[in-house]
Amino acid sequence: MMNGMNMQQMMQQARKLQKKMAKEQKELAAESFTGKSPDDMVVATFSGDKQLTDLKIKPEAVDPDDVDMLSDLVIAAVNDGLKKVDSATQSKMGKYTKGLGL
């Protein structure tokens, strides 16, 4: 059975951990992640909180007779960028959820 002192120490540790997590989430949100389509025809930039902040499309990617190709390039760039955000999030924040079954 825990005495009051151990519970107080646990609460202090939990608050420290919570502050550290919040700081790392803020740092992650401030980072920039770039996703690219094949041949870098489309480049999508995201913040660490998965907000699209920039989208660049090379003129040669725009073919009025093949709009589907442009759509595919945009999707590829966006998915690549989101994978990079997810990977960085897991790398940075995964230590907090390890073993919790999340």
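Residues numbered from 1 in each chain as written. Predicted model: local features only at pLDDT ≥ 70, side-chain atom pairs only at ≥ 80, totals over all residues. Heavy atoms only, no water.

Trainee: Describe the overall build of the chain, listing the residues and the values that go with them.
Mentor: Check the secondary structure of the chain and you find two helices and three strands. A compact globule built from 102 residues would reach a C-alpha radius of gyration of about 13 Å, whereas the chain, at 21 Å, exceeds it by more than 25%. Summarising its shape, the C-alpha atoms of the chain cover approximately 75 × 25 × 15 Å along the three principal directions. Looking at the chain residue by residue over its 102 residues, the buried ones come to 23%. Within the chain, contacts between residues separated by at least 24 positions form 50% of all contacts whose residues are at least 6 apart in sequence. As presented, the chain carries roughly 7,600 Å² of accessible surface, and 55% of it is formed by carbon and sulfur atoms. (Helix = DSSP H or I, 4+ residues; strand = E, 2+ residues; numbered from the N terminus. Rg over C-alpha atoms; globule rule 2.2 N^0.38 Å. Buried < 20%, exposed > 50% of the residue type's maximum accessible area, 1.4 Å probe, protein only. Contact = heavy atoms within 4.5 Å. Areas by Shrake-Rupley, 256 points an atom, 1.4 Å probe, with all protein chains shown as cover.)

Trainee: Can you break down the side chain of E24 residue by residue, with the values?
Mentor: Relative to the elements of secondary structure, E24 occurs in helix α1 (residues 4-30). Those residues in contact with E24, other than ones at most four positions away along the chain, are K92, M93, K95 and Y96.

Trainee: How would you explain the nonpolar core if you had to name every residue and give the values?
Mentor: Nonpolar side chains in soluble globular proteins tend to be buried together. Residues L28, F33, V42, A61 and L73 are the most contacted members of the largest nonpolar core, which totals 14 residues. Where this core is concerned, the elements lending two or more residues are β2 (42-47) and α2 (67-97). Broken down by element, this core gets its largest block of residues, seven residues, from α2. In this structure, L73 is in contact with S37, P38, M41, V42 and A61, ignoring residues within four places of it in sequence. (Core = buried A, V, L, I, M, F, W, Y, C linked by side-chain atoms within 4.5 Å.)

Trainee: Describe the environment of A29, with residues and values.
Mentor: Summarising the element assignment, A29 is placed in helix α1. Spatially, the C-alpha atom of A29 lies 27 Å from that of D72, the residues being 43 residues apart in sequence. For A29, the residues in contact, after removing those within four places along its chain, are S47, G48 and D49.

Trainee: Could you give me a rundown of the side chain of T45, with the residues and numbers involved?
Mentor: Structurally, T45 is set in strand β2. Beyond its immediate stretch of four places on either side in the chain, T45 contacts S32, F33, T34, Q51, L52, T53 and D54.

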